[in-house]
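Summary of structural features
Chain residues, written in single-letter form:
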Amino acid sequence: MSDFNIKVPTMAEYIAEGKQPEVLFWVGCAGSFDDRAKKITKAFVKILHEAKVDFAVLGAEENCTGDPAKRAGNEFLFQMQAMGNIEVLNGYDIKKIVTACPHCFNTLKNEYPSLGGNYNVMHHTELIKQLISEKRLTVEGGTFKGKKITFHDPCYLGRANNIYEVPREIISKLEVELVEMKKCKTNGLCCGAGGAQMFKDAEKGDKEINIQRTEEALETEPEIIATACPFCNTMMTDGIKIKEKDVEVLDIAEIIANAKDL
Amino acid sequence: MQYIDNIIFFLILAVSIVFFVKNIKKLSRNINLGVKNPQMDNKNLRWKRVLKIALGQSEMVKRPISGALHVVVYLGFVIINIEVLEIMTDGLLGTHRVFAPLGAVYNIGIASFEILAFLVLVSVIVFWIRRNIIRVKRFWNKEMTSWPKNDANFILYTEMVLMILFLIMNAADSKLQLLGAEHYTIGGSFPISQYLTGLLPSDISSLIMIERGAWWFHIIGIMAFLNYLYYSKHLHILLAFPTTFYSKIEARGQFENLESVTKEVKMMMDPDADPYADTSSGEEEEISSFGAKDIFGLEKRQLLGAYACTECGRCTSVCPASITGKELSPRAIMMKTRDRLEEVSKNIDKNGEYKDDGKMLLNDYIKPEELWACTTCNACTQACPIQIDPLGIIMKMRQYLVMEESAAPQELNSMMTNIENNGAPWQFNQADKLNWAKEDN
C-alpha cells in the first residue's frame, strides 16, 4: 500500500468554508486509535478519495457512540454519549453518515433515532457497493484474482441488521473464490468481541471464542479471511497468530483498496 | 343407571376444566408480576409473525430434521384434536361416533386421523431416539438435569400412548362394526388400525372392553395432559403464539433506550435546568430501580418467554459462550427465570402475597459470571423457533449490576471511565482522535 497523504477534512473546516459534505465519515474509536483498525480507516479514506466522495470527519468532536457502555449495562453513560454526539451531529445538520464499524453503525442507525438523532446511516460496505453500482468506483481482482477468501459475518452487521449479501457481493466482484464457513450468515459465530467483551478477559471456559471461530474459518482453507468490523479483525488476527497460520485477515475496505493499488 | 357413563365423563371433564382454568389464571397472575412491556405497536406485523412463525413454523424448519418431525407432530396434534370433539360429544351424550352420518367426509376424516396418528407415533419415537440413544448434544447440556430430561421423555411417552390408544380403539371398533355389535355405528375408514385387528380377540365382549378401555384412557389421558402443561416445558403449545406476538420486531441489534434514564440525562444536559428544582410531579412517583435483580424487574413478555420455552436448546447450541465452555447458557437463563418465577408463585399461594424469601433471580439462580460471558451476538434470539429473547433478560440484569450495584468487572469499569473522561473506551486523548490522518501509513 502506498503512503497515506490524503487530506482528511473535518466538519469544522467544512462549515468554516460554508460547505456541507456529501457524507460524514464516522471513524469510531477503534478506527481512530487502534493500530490495526487505523489501516482500515485509511484504506476506506483512499476509496472515498478515489471515488471522489466529498466527505468529512468530526475529528476531536467525535465521541464514543456509547455502544460498549450500553452493552455493559450502563444506560446512563450510553445516553450521555448519545445525546452529546447527537448535539454535535444535529449542530452540523448531518444527514448522511458512513462508518466502517458495525457497532457504531448499529448504534447510530437504530439507537440514536429515539433520542433525537435521525440520520441516513450506512455501513462502509453499503457505501462501497453503492459507489460500484454508480460506477464511481471500478473494482477488478488485481492481486486478489483467483484467491480463496472466506467472509466472517460481524454480528452487528449480520444478525443485528440483516446485512449479509452486501459484503459478499463486493468480494465476488474481485474474481476470487468465495468459500463459506459452515456457520455463516444468520448462523455465523461471533468472534468473541461483542457486548463489551473486547474490553475484558473472557469468563472461565475451555476455549477462547476467537480461537473457535478462527478454526472454523481455517476449515475452509482460505488464503484470506475477510471481515467488515475492526473488532472482528482484531479477534481473527489474534486467532491466526495463535494458530500460526499464513492467512491474512483483511477488511473489505482494505481488500478493495489493495486490489486497486490505492 | 344407564347414564352413569355420561355422568362420570361429565365429572372428569368438569374437574379437568376447573383445574385447567385455575392453572391458566395462575399463569397469568405470575406473568403479570413483571414490569410493563414496551409499546406494542405495529399490530399487523405482529399478527403476521404469529401466522408465519408460530402457526407456520417457519423458524422451526430451519433445522430440517427436527423441524420436519415437529411439523408432523404439530399437525397431528392439531388435526387429530378434531376427533376429540366427537369423543367429547359421544362422552357427554352417550352416543357413539356421532359424526358418522357425515358419510364419506367422516371416513376421510377418520382415515387421515389414523395416518397422522401413525406418523406422529413414528416421529415421537424418532424424537425419543434422538434424545436418548443418539444423545443429540443439546439435550445433554449441564442444565438438562433429571427433571428437564424426565419431563421431555414423559411428554414423548404420553404422546406415544395416546396415539396407540387411539389406534387400538379404532381397531376394536372396526372389528365390532364388522361383527355387527349393538351400539357400534358403522362408520370410519381405518387404513392403519386395520393391521391391528388381527391382534385382537374375536368375541364381542372382550372387544367392547378393549374399545371402551382405549376410549376412556385416551380421553382421560388428553385431559390429564392438558393439566400437566402448567408444570411442564410443554406449555409452549399454547404460549408459542403470544410469545411470538409480543416478541421484538425491531432490528435485533436495536436495544431499548430506557426512558427513565433519558429523562434524567436530558435534565443533566440542560443548561437551563434548575439543579435544586423539585422534580417530583406532586404525585408519588413510582420508585423504580434500573434493570432487574429479580423476576419483578423483568418485562411481562420475558416472564411469558420463560413459561413458553420448551428447552429445545437451539439457543445454547449456537451461543459462542456455551460452545466454548463458559458458564452461560441462554436456555438456562430461561429455565432459571421460570424456576424462580415458580418459587415466587408458590410463595404467593402460601402467603396471599409475596413475602420476601431472601432470594433473588440474580445470584441465587443466575450468576454474574453467566451474565458477563454474553457477547450480545443475538445467535440465541435468531435460533429460537418462537423468538424468545434470553438476551433481553441478560441485558436487564447487567443494567441492574452496573447501574444499581456498580458491580461490573473491573476492566469494564476502566473502559467506562475512559469513555466518560476521554470519549473512547481506551485511554487516549480525545484531542488525538484525528492523529491517524497525519500518520504516513
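Residues numbered from 1 in each chain as written. Chains lettered and ligands numbered in written order. Predicted model: local features only at pLDDT ≥ 70, side-chain atom pairs only at ≥ 80, totals over all residues.

**Looking at the overall build of chain B**
Heads up, the rule is: In this description a helix means any DSSP run of H or I spanning at least four residues, a strand means any run of E spanning at least two, and both kinds are numbered starting from the N terminus. Only C-alpha atoms enter the radius of gyration, while the globule expectation follows 2.2 Å times N to the 0.38, with N the number of residues. Residues are called buried when their C-beta atom has 20 or more other C-beta atoms within 10 Å, exposed when it has 12 or fewer, and partly exposed otherwise; all C-beta atoms are positioned from the backbone. Residue pairs qualify as contacts under a 7 Å threshold applied to their C-beta atoms, which are placed from the backbone.
Of regular secondary structure, chain B possesses 16 helices and zero strands. Taking 2.2 N^0.38 as the reference for a compact globule, 441 residues should give roughly 22 Å; the C-alpha atoms of chain B span a radius of gyration of 28 Å, well beyond that estimate. Going through the 441 residues of chain B one by one, you find that 39% of them count as buried. Taking as baseline every contact in chain B between residues at least 6 positions apart, the subset at least 24 positions apart corresponds to 77%.

**Things to note about the overall build of chain A**
A count of helices and strands for chain A gives eleven helices and eight strands. What you see for chain A is a C-alpha radius of gyration of 18 Å, in line with the 18 Å of a compact globule of 262 residues. Taken over the C-alpha atoms alone, chain A extends approximately 50 × 45 × 30 Å along its principal axes. Classification of the 262 residues of chain A by burial places 58% in the buried group.

**Section: the domain arrangement of chain A**
All names here are of chain A. Short version of the rule: Residue ranges for the domains originate in an automatic or database domain assignment. Polarity classes work like this: nonpolar for Ala, Val, Leu, Ile, Met, Phe, Trp, Tyr, Cys and Pro, charged for Asp, Glu, Lys and Arg, and polar for all others, with Gly in that last group.
Assigned domains of chain A: these are domain 1 (11–130) and domain 2 (139–259). The centre of domain 1, based on its C-alpha atoms, is set 22 Å off from the matching centre of domain 2. Each side of the interface is counted separately: domain 1 has 26 residues, and domain 2 has 26 residues. Where the side of domain 1 that touches domain 2 is concerned, the elements lending two or more residues are helix 2 (28–33), helix 3 (35–50), helix 4 (67–71), helix 6 (102–111) and helix 7 (124–133). No other element matches the eight residues that helix 3 contributes to the side of domain 1 that touches domain 2. A per-class count over the side of domain 1 that touches domain 2 returns 13 nonpolar, six polar and seven charged.

**As for the interface of chain A and chain B**
Contacts between chain A and chain B engage 60 residues on the former and 57 residues on the latter. Mapped onto the side of chain A that touches chain B, the elements with two or more residues apiece are helix 2, helix 3, helix 4, helix 5 (75–91), helix 6 and helix 9 (209–218) of chain A. Looking at the side of chain A that touches chain B, the element that brings in the most residues is helix 5 of chain A, giving seven residues. For the side of chain A that touches chain B, a count of residues per class yields 24 nonpolar, 21 polar and 15 charged.

**A closer look at the sheet that holds strand 2 (residues 55–56) of chain A**
All names here are of chain A. Selection criterion: The rule for pairing is simple: two strands pair if DSSP sees at least two bridges between them. To get an axis, a line is fitted to the C-alpha atoms, and for a helix only the part in contact is used. The angle between two axes follows their N-to-C directions and goes from 0 to 180 degrees.
Strand order across the open sheet formed by four strands is 2-1-3-4, with parallel pairing between neighbours. Both outer strands of the open sheet, strand 2 and strand 4 (120–123), are each paired with one neighbouring strand and no more. Seen against the sheet, helix 7 touches strand 3 (96–99) and strand 4 and runs at an angle of roughly 90° to strand 4.

**Here's the deal with helix 11 (residues 252–259) of chain A**
Residue and element names in this part refer to chain A. Burial within helix 11 is extensive, with six of its eight residues counted as buried. Listing the buried residues of helix 11 in full gives I252, A253, E254, I255, I256 and A257. Immediately beyond the C-terminal end of helix 11, within one or two residues, lies D261, with a positive phi of roughly 55°.

**What to know about the pairing of strand 7 (residues 224–227) of chain A**
All names here are of chain A. Of the strand pairs in this sheet, strand 5 (residues 148–151) and strand 7 are connected by three bridges, and their pairing is parallel. Each residue of the ladder has a partner; that of T150, found in strand 7, is I225. As defined by bridge partners, strand 7 adjoins strand 8 (residues 248–251) across four bridges and the pair is classed as parallel. Its bridge partner lying in strand 8, I224 is registered against E248.

**What to know about the sheet that holds strand 5 of chain A**
All names here are of chain A. With parallel pairing, four strands are arranged side by side in an open sheet as 6-5-7-8. Both edges of this open sheet fall to strand 6 (177–179) and strand 8, since each of them pairs with a single strand only. Adjacent strand axes in the sheet meet at a mean angle of 35° when their direction is disregarded. The pairing of strand 5 with strand 6 spans three bridges and is classified as parallel. Looking at strand 6, one finds that T150 is bridged to V179. Its contacts with the sheet put helix 10 (residues 230–243) on strand 7 and strand 8, and the angle it makes with strand 8 is roughly 175°. Helix-sheet contacts for helix 11 involve strand 7 and strand 8, and the interaxial angle to strand 8 is about 95°.

**Examining the environment of L200(B)**
All names here are of chain B. Among the secondary structure elements, L200 is positioned in the loop between helix 5 (146–178) and helix 6 (204–228). For L200 and A172, which are 28 residues apart along the polypeptide, the C-alpha to C-alpha distance reads 7.1 Å. Not counting the four nearest positions on each side in its chain, L200 is found in contact with A171, A172, K175, L207 and I210.

**Brief notes about the domain arrangement of chain B**
Residues and elements named next belong to chain B. Taken domain by domain, chain B comprises domain 1 (4–31 + 63–231) and domain 2 (246–270 + 287–431). A straight line from the C-alpha centre of domain 1 to that of domain 2 covers 40 Å. Among the elements that line the side of domain 1 that touches domain 2, the one with the most residues is helix 1 (residues 4–31), at four residues.

**Things to note about the nonpolar core**
The condition that has to hold: In these notes, a nonpolar core means any group of buried Ala, Val, Leu, Ile, Met, Phe, Trp, Tyr and Cys residues linked to one another through C-beta atoms within 7 Å.
Counting 149 residues, the largest nonpolar core has I47(A), I128(A), I252(A), A253(A), I256(A), A308(B) and M397(B) as its most contacted members. Looking at which element gives the most residues to this core, the answer is helix 15 (residues 390–404) of chain B, with nine residues. Not counting residues up to four positions away in its chain, the partners in contact with I128(A) are I47(A), L137(A), I170(A), I252(A), A253(A) and I256(A).

**Things to note about the packing of helix 7 of chain A against helix 8 (residues 165–172) of chain A**
Residues and elements named next belong to chain A. We count it as follows: Angles below 35 degrees are treated as roughly parallel, those above 145 as roughly antiparallel, those between 65 and 115 as roughly perpendicular, and all remaining angles as oblique. For a crossing to be left-handed, the near helix must be turned anticlockwise from the far one by less than a right angle; the clockwise case is right-handed.
At their nearest, the axes of helix 7 and helix 8 sit 9 Å apart, and the two run at 45° to each other. Compared by their axis directions, helix 7 and helix 8 come out oblique. Helix 7 and helix 8 meet at a crossing whose hand is left-handed. Each of T125, E126, I128 and K129 in helix 7 lies in contact with helix 8, whose residues at this interface are V166, P167, E169 and I170. Tallied by class, the residues present in the contact of helix 7 with helix 8 amount to four nonpolar, one polar and three charged.

**A few points about helix 3 (residues 64–93) of chain B**
All names here are of chain B. To be explicit about the condition: In this scheme, a helix's expected span is set at 1.5 Å multiplied by one less than its residue total. Given a residue, its bend is the angle between the two axes fitted to the seven residues that end at it and to the seven that start from it.
Taking 1.5 Å of rise per residue, the 30 residues of helix 3 would be expected to cover 44 Å, and the 44 Å separating its terminal C-alpha atoms lies within 8% of that figure. If you look at helix 3, its biggest bend is around 30°, right at I82. Among all positions of helix 3, only S66, L69, V73, G76, E83, D90 and G91 are buried. Packing partners of the buried residues in helix 3 comprise helix 1, helix 4 (104–132) and helix 6. Backbone geometry just downstream of helix 3 places G94 in the positive-phi region, at approximately 75°.

**Brief notes about the pairing of strand 1 (residues 23–26) of chain A**
With two bridges connecting them, strand 1 of chain A and strand 2 of chain A associate as parallel partners. Paired with L24(A) across the bridge in strand 2 of chain A is A56(A).

**Points about the packing of helix 12 (residues 330–351) of chain B against helix 15 of chain B**
Two quantities define a packed helix pair, namely the angle between the axes and the distance from one axis to the other. All names here are of chain B. Where helix 12 contacts helix 15, the axes come no closer than 9 Å and their chain directions differ by 75°. Relative to helix 15, the element helix 12 lies roughly perpendicular. Taking contact as the criterion, the partners of P330, I333, M334 and T337 in helix 12 are, on helix 15, P390, I393 and I394. Tallied by class, residues from the contact of helix 12 with helix 15 come to six nonpolar, one polar and no charged.

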